[in-house]
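# Chains, contacts and geometry: an overview
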Amino acid sequence: MSQEDKFKKVIAHAKEYGFVFQSSEIYDGLSAVYDYGQNGVLLKNNIREYWWKSMVQMHENIVGLDAAIFMQPTTWKASGHVDAFNDPLIDNKDSKKRYRADVLIEDHVEKIRQKIEKEVKKAAKRFGDSFDAEMFKQTNPRVVANQEKIDAINKRFADAFEANDLEEVRNIIIDLGIACPVSGSKNWTEVRQFNLMFGTQMGSVAEGASDLYLRPETAQGIFVNFLNVQKTGRMKIPFGIAQTGKAFRNEIVARQFIFRMREFEQMEMQFFVRPGTEMEWYNTWKETRMKWHQSLGLGDEYYRFHDHEKLAHYANAAADIEFKFPFGFKELEGIHSRTDFDLKQHQEFSGKKLQYFDPEINENYVPYVVETSIGLDRMFLAMFSSALEDETLEDGSTRVVLRLPYVLAPVKAAILPLLKKDGLPEMAREIMKDLQFDFNVQYDEKDAIGKRYRRMDAIGTPLCITVDHQSLEDKTVTIRHRDSMEQQRVKVSELKSIVDGLVNMTNVLKSL
Ligand code: ATP
């Protein structure tokens, strides 16, 4: 199946099984805005909970915050968003399609990178066990030439970006012969900057109203509360403040479903450190966050780091954790060393000191910040798209199964009476009543048992608990496992601890 078909399947499945709907669909929807349905909201909550527990609950020096979406507008002057939160956009004159100039160049580079990967794979097959991929990359002339091409493009783009030279950005696109994916033409407009913030107004009368922005990131709410939290929580550096919440960006090209939305949710943590120690913490957080992703058990091949060549105005080091989405490796999370830029800016614009007295070195300073920032919706897409599988079974039949990590699954167990009579529904409901204190469980008595199993496979339910006639006699039930489809007979009295052992978040948190 092509990448495109696979992705279409993901989107269709998300709708059909109540995970993600287009916003205001009955009015033909709103571009790049989505709603989460009955199963989607549970998966989203579980991802958020896993993030929150691992970041806040498991770290005694990280605390939470829930800042408002609206902020005093000077915040965005100070942070640089009013002047510099722009994307360079370019239009194709023939297709009238609009693109981000940097994304066109990145996609071009990715194609060259894929050529290298292909070459390496081919050679690995040819040479077998003795193959040394690193050595091959350094010595094969074709690979070396392609790598040099990539480095040259990256350097040229980084220089143009640094100098804010939009004409040079356009020249790069022309020189690389990049064509519009829709029209195939190379007939491009100038490159222009486009500010991504949404504006709105507060106040009832037009003259007296003040212009506000919908926050484009959650981070600034943390910076402006730095001293409030540090003082009232008696926090000692190094310490972190974490929050999850909505952010809004008027994205130029909002596409790829919930990958790039105009309203989305972020999970961010700002870690305040002593100046000079930021690189150490930057590396620690890179590692810690990668471990968090890997703990979900998808396999290491889904993740890679991408160290930034071009740095945002506030950063002295930055890397992305990229995930293998159905449309290729793309950013899932960013880890940035933001220096003291934000706190210093807020100090200057507000006229209030944002400093910390460090008793260990007897000094006052503006702390440096290392941040980890992940999109909740993007994490949702990562989990959902990689979990969806069309499986062919031994007997030749097929099933659609959503192999979500157990801890993230919306429904942990389904309770199914084999028949809708003979007291089986009553016993099943009793079991459900007992389990629902601890787990999100679902009762289902409609249709044949096989059909019910398939429905649960399709929403990723790890366990199906079936109540049959033997259950009435000896107080046992069968548990059917989603992935292996194996069934085991267990005592009702042991159910809670069995389910708990399989789906409890504690087990995954312990592996971190
Ligand atoms: P991109 O380069 O993809 O636009 P970014 O580098 O601007 O992303 P950050 O500002 O670092 O992103 O935001 C942190 C995280 O927030 C990203 O890693 C991503 O997971 C998420 N995110 C950013 N923009 C969007 C969006 N429009 N829709 C969904 N998630 C987003």
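Parameters and conventions
- Residues numbered from 1 in each chain as written.
- Predicted model: local features only at pLDDT ≥ 70, side-chain atom pairs only at ≥ 80, totals over all residues.
- Heavy atoms only, no water.
- Buried < 20%, exposed > 50% of the residue type's maximum accessible area, 1.4 Å probe, protein only.
- Helix = DSSP H or I, 4+ residues; strand = E, 2+ residues; numbered from the N terminus.
- Contact = heavy atoms within 4.5 Å.
- Near = heavy atom within 4 Å.
- Polar contact = N/O pair within 3.5 Å; in protein donor to acceptor, adjacent residues only side chain to side chain.
- Areas by Shrake-Rupley, 256 points an atom, 1.4 Å probe, with all protein chains shown as cover.
- Nonpolar A, V, L, I, M, F, W, Y, C, P; charged D, E, K, R; others polar.
- Pairing = 2+ DSSP bridges.
- Axes fitted to C-alpha atoms, helices over the stretch in contact; angles between N-to-C directions.
- Right-handed = clockwise from strand over helix to strand, strands pointing away.
- Domains from an automatic or database assignment.
- Buried area = accessible area lost by both parts, 1.4 Å probe.
- Core = buried A, V, L, I, M, F, W, Y, C linked by side-chain atoms within 4.5 Å.

### Brief notes about helix α12 (residues 341-350)
Listed in full, the buried residues belonging to α12 are Phe 341, Asp 342, Leu 343, Gln 345, His 346 and Gln 347. Summarising the contacts, the buried residues of α12 are in contact with α3 (74-78), α9 (219-224), α10 (226-232), β10 (263-273) and β13 (328-339). Gly 351 sits one or two residues past α12 and shows a positive phi near 75°.

### Remarks on the site of the ligand
The full set close to the ligand counts 16 residues, and Glu 251, Arg 260, Met 261, Glu 331 and Leu 332 are the nearest of them. Here an oxygen atom of the ligand sits 2.8 Å away from a polar atom, N or O, in the side chain of Arg 260. Within the backbone of Gly 375, an N or O atom sits 2.9 Å from an oxygen atom of the ligand. Burial of the ligand by the protein amounts to 86% of the accessible area it has alone, namely 600 Å². Where the shell around the ligand is concerned, the elements lending two or more residues are β10, β13 and β16 (368-375). Among the elements that make up the shell around the ligand, the one with the highest residue count is β13 (five residues). In the shell around the ligand, the residues fall into four nonpolar, five polar and seven charged.

### A few points about the environment of Phe 7
Within the secondary structure, Phe 7 is located in helix α1 (residues 3-16). When the C-alpha positions of Phe 7 and Pro 326 are compared, they lie 5.9 Å apart, and in sequence the two are 319 residues distant. With near-sequence residues (within four places) excluded, Phe 7 lies in contact with Gln 256, Phe 257, Pro 326, Phe 327 and Leu 381.

### Structural notes on the sheet that holds strand β6 (residues 192-195)
The sheet built from three strands is open, its strands ordered β5-β4-β6 with antiparallel pairing. A single partner strand is all that each edge strand has here, and the edge strands are β5 (98-100) and β6. Going from strand to strand, the sheet's axes swing by 45° on average, the running direction of each strand aside. One ladder, built from three bridges, connects strand β4 (residues 86-91) with β5; its direction is antiparallel. By the bridge assignment, Leu 89 is partnered in β5 with Arg 100. Along the sheet, helix α5 (residues 101-127) contacts β4 and β5; its crossing angle with β5, the most-contacted strand, is approximately 70°.

### Here we look at the sheet that holds strand β20 (residues 441-443)
The five strands lie next to each other as β20-β19-β21-β22-β23, forming an open sheet whose pairing is mixed. The outermost strands of the open sheet, each flanked by one partner alone, are β20 and β23 (487-491). Pairwise comparison of adjacent strand axes, ignoring direction, gives a mean angle of 25° for this sheet. In this sheet, strand β22 (residues 476-481) lies alongside strand β21 (residues 463-467) in antiparallel orientation, the contact comprising four bridges.

### Here's the deal with the pairing of strand β19 (residues 413-417)
Every regular strand shows the same layout, with side chains that alternate between the two sheet faces. For β19, the buried fraction is high: five of the five residues fall into the buried class. Going residue by residue along β19, you find Ala 413, Ile 415 and Pro 417 tucked away on one face and Ala 414 and Leu 416 tucked away on the opposite face as well. Following the backbone out of β19, through helix α14 (residues 424-435) and into the adjacent parallel β20, one traces a crossover that is right-handed.

### Topic: the domain arrangement of the protein chain
Interfaces are often sized by the accessible area lost when the parts come together. Entries for the protein chain in the domain assignment read domain 1 (1-82 + 196-403), domain 2 (86-193) and domain 3 (411-511). Between domain 1 and domain 3, the C-alpha centre-to-centre distance is 35 Å. With 19 residues of domain 1 at the contact, the number on the domain 3 side is 16 residues. Between domain 1 and domain 3, the buried area comes to about 1,500 Å², and carbon and sulfur atoms account for 61% of it. Inspection of the domain 1/domain 3 interface yields seven residue pairs in polar contact (both at pLDDT 80 or more). Those elements that provide at least two residues to the side of domain 1 that touches domain 3 are α2 (40-57) and β18 (398-402). When residues of the side of domain 1 that touches domain 3 are assigned to their parent elements, the largest contribution, six residues, is made by α2. For the side of domain 1 that touches domain 3, the class distribution of residues is nine nonpolar, six polar and four charged.

### A look at the environment of Trp 51
Mapped onto the elements, Trp 51 comes out in helix α2. Spatially, the C-alpha atom of Trp 51 lies 29 Å from that of Lys 344, the residues being 293 residues apart in sequence. In this structure Trp 51 touches Ala 242, Gln 243, Thr 244, Met 267, Glu 268, Met 269, Arg 289, Trp 292 and Ile 374, once residues within four positions along its chain are discounted.

### Remarks on the nonpolar core
Ranked by internal contacts, the top residues of the largest apolar core, which has 67 residues, are Phe 19, Val 20, Ile 47, Ile 258, Phe 380, Leu 381 and Met 383. By residue number, the principal contributor to this core is helix α13 (residues 376-387), which donates eight residues. Here this core gathers at least three residues from each of two domains, domain 1 (1-82 + 196-403) and domain 3 (411-511). When neighbours within four sequence positions are excluded, Leu 381 is seen to be in contact with Phe 7, Val 10, Gln 256, Phe 257, Ile 258, Phe 259, Phe 325, Phe 327 and Ser 386. Counting 24 residues, the second-largest nonpolar core is a separate cluster that includes Ile 90, Ile 105, Cys 180 and Trp 188.

### What to know about the environment of Arg 378
Mapped onto the elements of the fold, Arg 378 is located in helix α13. In sequence terms Arg 378 and Ser 295 are 83 residues apart; their C-alpha atoms lie 17 Å from each other. Ignoring sequence-local partners within four residues, the contact set of Arg 378 consists of Ile 258, Phe 259, Arg 260, Phe 325, Glu 331 and Leu 332. Here Glu 331 takes part through its backbone oxygen, which lies 3.0 Å from a polar atom of the side chain of Arg 378.

### Some details on the side chain of Thr 476
Here Thr 476 shows up in strand β22. There is a polar contact of 2.7 Å between the side chain of Thr 476 and the side chain of Asp 474. Among the polar contacts made by the side chain of Thr 476, one reaches the side chain of Arg 489 at a distance of 2.8 Å.

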